[in-house]
Amino acid sequence: MKQQSLLLIVLFGGIGLSSLAQQSSPQTTGFLTENDVAVPMRDGVVLRADVLRPKGQGRFPVLVYRTPYGKEFALKDYPTFRHALERGYALVVEDVRGRFASGGEFRPYQNEGRDGYDTIEWAARQAWSNGVVGTFGLSYPGAAQWLAAVENPPHLKAMVPAMTFSTPQNFFYAGGVWDMSWMEWIWDNMAPDVRVKNNLFGPKTYDEAIAAWAKVGPRMQNTLPLNQLEELRGLAPYYYDWLSHPADDPWWDWCELRKRYDRVHAAVLNLSAWYDDNYGPEGAATNFAGLLKTRAGEADPQTHLLLGPWTHGSEETGITKSGERDFGSAAAINYDEVILNWLDHYLRGTENGVQKQKPVRYFVMGDNQWRDSDVWPPASTPTFYYFENNHVLSTEAPPTATPPSSFVSDPAHPVTNRYDTSGAHDYQYLAKRDDVLVFDSAPIERDTEVTGLIRAQIYLSCDCRDTDLWVRLLDVAPDGTALNLMSPGLDVLRASYRDLQRGRQLLTPGQIYELNLTNLITSNVFQKGHRIRAQISATFFPNFSRNLQTGELESVSAKMQKANIRIYHDAEHPSRIILPIVPR
């Protein structure tokens, strides 16, 4: 679920910054701390930050870290701050607006652009600052960096936004389908502090919220319409505001990064993972490409891309196992070393090897090796795998006339994801469902690498006004184990949002539509004897909301309809998945 690793930061309640200083190792006791320093925003709201810096009268480069999870918990949980102090940085660790010690109303993400700009420029003006500012952080703190950066603060020189987004279309929604993990994110992370501040009934700590979620979570997830969820009423008004804005609403432009890369002048290390939460590495790859385009012709575009095999969280980058798949010791990196080396080079001018690195580094699953490249994606050959009758995935074009494959989708009984964590999991159990289609290749005759952007081109009809299309790519071992190659979210498209730029267009029952899924991305070697599987369904719950299939949105309606869905795979309608095969 969203923020599943960062959720852990609130486990460390009840410890203040002075306690942190007392517990620091001897190498880090020589720094000064100021608690709850006032940082004024342009509208008069005062945010609060803890400021840490080396002792002495010097001026230091500053690292800004902004979080909704509690600054003192972040300082206790993450060693990055201690390592930054050891390298001679001053730190500004700030509660975002409306959270913990900071004033104002918390509306997730919506104030982080202006507030981030104001905080960065405030840090640059302080007597202990040399005017050079960098930022770092993962997930929400990563998004906060981007939203500030597109406001173009003049003193922001370098940033490392890890495991975060590029567009609301792959963050709040995915292919037009609502991301259900926001519900649990609010319940676990945001709601307890609100209850404490307002003396409201319900869980007031993270541990209490987790325990309560086990009981109330399933009921909350099954609530329809979505906007009738009562458990967050009075705790998170922004959640209901979000639901009132469908995927094609221009209202979401406030958090659209893809139009604003020309406003970012900082050096940017884009870091993400193949199994990163419900949005995967798309954000990092898209942001990297966008920056490169706007910086074309520069001797040093000052942007790199790092993609690993991990799940969501900085500590996950040091773990070699993602779900049920172990990638070996090579998979682990030293997160602090990577991000601080980047910041050292672009904030301090340190010649530490960053300038010699290739701009792209990615981990090839299956081979379990890192690759360095000048470009992303690497050169590949688009290879067509066509869907056929009898659940076959073939490189041969389909015959002229062949009947479609079909299944019945019932949103009242959706395809259910039995796993509540990210990572590689065995989904062979789904092949037994009547509402799931699987298409398998023949056993691979030699190791085959798929790296880069994957496209699914599917011809579909249904006897309904709308449906969702999931096309999941899996690696099937000889023993039948079927492992997903990415987290759910990039492999779904709502049929009525097949052309998001034109807005929502309901289906005409019985008419055949071409649906294109273009956000799938991975790097995996299908080993000799394995099979490539394309798995098709119309639901994947509770990761994402259910299409009611009536034409009404699940945000405002509860009326559901079964639907007969046909997938066509004849010469005129060659449904296929297009894989980027890398020469070996």
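Residues numbered from 1 in each chain as written. Predicted model: local features only at pLDDT ≥ 70, side-chain atom pairs only at ≥ 80, totals over all residues. Heavy atoms only, no water.

### Here we look at the overall build of the protein chain
Tallying secondary structure elements over the protein chain gives 10 helices and 26 strands in all. Relative to the globule expectation of 25 Å for 584 residues, the C-alpha radius of gyration of the protein chain, 24 Å, shows essentially globular dimensions. C-alpha extents for the protein chain along the principal axes are approximately 80 × 55 × 40 Å. Out of the 584 residues belonging to the protein chain, those deemed buried represent 61%. Put simply, 76% of the contacts in the protein chain that link residues at least 6 apart link residues at least 24 apart. Per element, the accessible surface of the protein chain, about 21500 Å² overall, is 48% carbon and sulfur. (Helix = DSSP H or I, 4+ residues; strand = E, 2+ residues; numbered from the N terminus. Rg over C-alpha atoms; globule rule 2.2 N^0.38 Å. Buried < 20%, exposed > 50% of the residue type's maximum accessible area, 1.4 Å probe, protein only. Contact = heavy atoms within 4.5 Å. Areas by Shrake-Rupley, 256 points an atom, 1.4 Å probe, with all protein chains shown as cover.)

### With respect to the packing of aromatic side chains
What the rule picks out here adds up to 44 aromatic pairs. Between the aromatic rings of Phe106 and Tyr140, the centroid separation amounts to 6.4 Å while the plane-to-plane angle is 35 degrees, which identifies the pairing as tilted. In this pair, Phe106 is assigned in the loop between strand 4 (90–95) and helix 4 (112–125) and Tyr140 in helix 5 (residues 140–149), connecting sequence segments 34 residues apart. Just as Phe106 is buried, Tyr140 falls in that class too. (Phe/Tyr/Trp six-rings, centres within 6.5 Å; stacked < 30°, edge-to-face > 60°.)

### Some remarks on the side chain of Glu184
As for its placement among the helices and strands, Glu184 is situated in helix 6 (residues 181–198). Within polar-contact distance, the side chain of Glu184 engages the side chain of Trp213 at 3.5 Å. (Polar contact = N/O pair within 3.5 Å; in protein donor to acceptor, adjacent residues only side chain to side chain.)

### Considering the packing of helix 6 against helix 7 (residues 206–221)
At their nearest, the axes of helix 6 and helix 7 sit 10 Å apart, and the two run at 150 degrees to each other. The two elements helix 6 and helix 7 meet at a crossing, and its hand is right-handed. Between helix 6 and helix 7, the residues in contact are Met183, Glu184, Trp187, Asp188 and Pro192 and Tyr206, Ala209, Ile210, Ala212, Trp213, Val216, Met220 and Gln221, respectively. The residue makeup of the contact of helix 6 with helix 7, split by class, is 10 nonpolar, 1 polar and 2 charged. (Axes fitted to C-alpha atoms, helices over the stretch in contact; angles between N-to-C directions. Left-handed = near helix turned anticlockwise from the far one by under 90°. Nonpolar A, V, L, I, M, F, W, Y, C, P; charged D, E, K, R; others polar.)

### Description of the state of the cysteines
Applying the stated rule across the entire model yields 1 disulfide. Two residues share a disulfide in this structure: Cys462 and Cys464, whose sulfurs sit 2.5 Å from each other. Its torsion about the S-S bond being -100 degrees, the disulfide of Cys462 and Cys464 is classed as left-handed. Assessed through its relative accessible area of 1%, Cys464 is described here as buried. (Disulfide = S-S within 2.5 Å.)

### Some remarks on the pairing of strand 14 (residues 369–373)
Summarising the sheet, strand 13 (residues 360–364) and strand 14 pair through 5 bridges and their orientation is antiparallel. Pairing of Tyr362 across the sheet is with Arg371, part of strand 14. Turn length for the strand 13-strand 14 hairpin, with the two strands adjacent in sequence and antiparallel, is 4 residues, and the turn residue Gly366 shows positive phi of about 90 degrees. (Pairing = 2+ DSSP bridges.)

### Here's the deal with the sheet that holds strand 1 (residues 31–40)
Strands sit in the order 1-2-4-3-5-6-9-10-13-14 across an open sheet of 10 strands; the sheet is mixed. Only two strands of the sheet have a single partner each, and these edge strands are strand 1 and strand 14. Ignoring strand direction, the axes of neighbouring strands in this sheet form an average angle of 20 degrees. Inspection of the sheet shows strand 1 paired to strand 2 (residues 46–54) by 8 bridges, in the antiparallel sense. Bridging from a neighbouring strand, Leu32 pairs with Arg53 of strand 2. Its contacts with the sheet put helix 4 on strand 1, strand 2, strand 3 (60–67), strand 4, strand 5 (129–138) and strand 6 (156–162), and the angle it makes with strand 3 is roughly 155 degrees.

### Here's the deal with the side chain of Asn278
Structurally, Asn278 can be placed in the loop between strand 9 (267–273) and helix 9 (282–294). Residue classification places Asn278 among the buried residues on the basis of a relative accessible area of 3%. Within the structure, Asn278 has its side chain in polar contact with the side chain of Asp179 (distance 3.2 Å). If we ignore the near neighbours within four places in the chain, the residues touching Asn278 are Asp179, Ser181, Pro488, Gly489, Asn543 and Phe544.

### So, the pattern of salt bridges
Under the criterion given, the structure shown has 31 salt bridges. Salt-bridge contacts for Asp253 lead to Lys259; the nearest nitrogen and oxygen are separated by 3.4 Å. Owing to a relative accessible area of 56%, Lys259 belongs among the exposed residues under this scheme. Within the structure, one salt-bridge network assembled from shared partners comprises Asp367, Arg371, Glu449 and Arg584. (Salt bridge = Lys/Arg side-chain N within 4 Å of Asp/Glu carboxyl O.)

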